[in-house]
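# Descriptive structure summary
Spelled out, the chains give:
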Amino acid sequence: MARWSIPAAGLLTLVIAIGLAVLFWPRGGAAAPCDRTALAQSLREQVQRAEAQGMMQFRASMPAACHDADMNGVMAEVTRNWHAMTGGTMMRQPMQAGP
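Throughout what follows, the structure given in this document is the object of discussion. Predicted, not measured: the structure shown is a model, and the values here were computed from it.

Following the criterion strictly, the structure yields 1 disulfide and no others. Residue cysteine 34 pairs covalently with cysteine 66 via a disulfide, S to S 1.9 Å. Measuring handedness by torsion sign, the sulfur bridge of cysteine 34 and cysteine 66 sits at about 90 degrees and is right-handed. Taken together, the residues cysteine 34 in the loop between α1 (2-24) and α2 (36-52) and cysteine 66 in the loop between β1 (57-59) and α3 (68-78) connect sequence positions 32 residues apart. Here cysteine 34 matches cysteine 66 in class, with each residue buried.

Of the positions making up α3, those classed as buried are Met71, Val74, Met75 and Val78. All buried residues of α3 lie within an arc of 140 degrees about the axis, which places them on one face of the element. Contact partners of the buried residues in α3: α2, β2 (82-84) and β3 (89-92).

How each quantity is defined
Residues numbered from 1 in each chain as written. Predicted model: local features only at pLDDT ≥ 70, side-chain atom pairs only at ≥ 80, totals over all residues. Heavy atoms only, no water. Disulfide = S-S within 2.5 Å. Helix = DSSP H or I, 4+ residues; strand = E, 2+ residues; numbered from the N terminus. Buried < 20%, exposed > 50% of the residue type's maximum accessible area, 1.4 Å probe, protein only. Arc of directions from axis to C-beta. Contact = heavy atoms within 4.5 Å.

Right, dumping it as structure tokens:
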């Protein structure tokens, strides 16, 4: 019985390590989740500032633990005139008159 217990324990340790890596790797090591309320408020202020300055695009700064996916998730409640690009770049949608 001792012949297979050491490899079995090693395999179990490896499986647990891989499982933990799969769970925590996508988070980038961040322990806390993104604060969606703070993110929405930050984006709202940045969009207002960009509109006041007549900017067509800007690079958004996000609170800690927030990423592009989080930004895309709150955009509908922040603005309909801007859209988020990869890397945190915000671009104003073109204003076109209807036919």
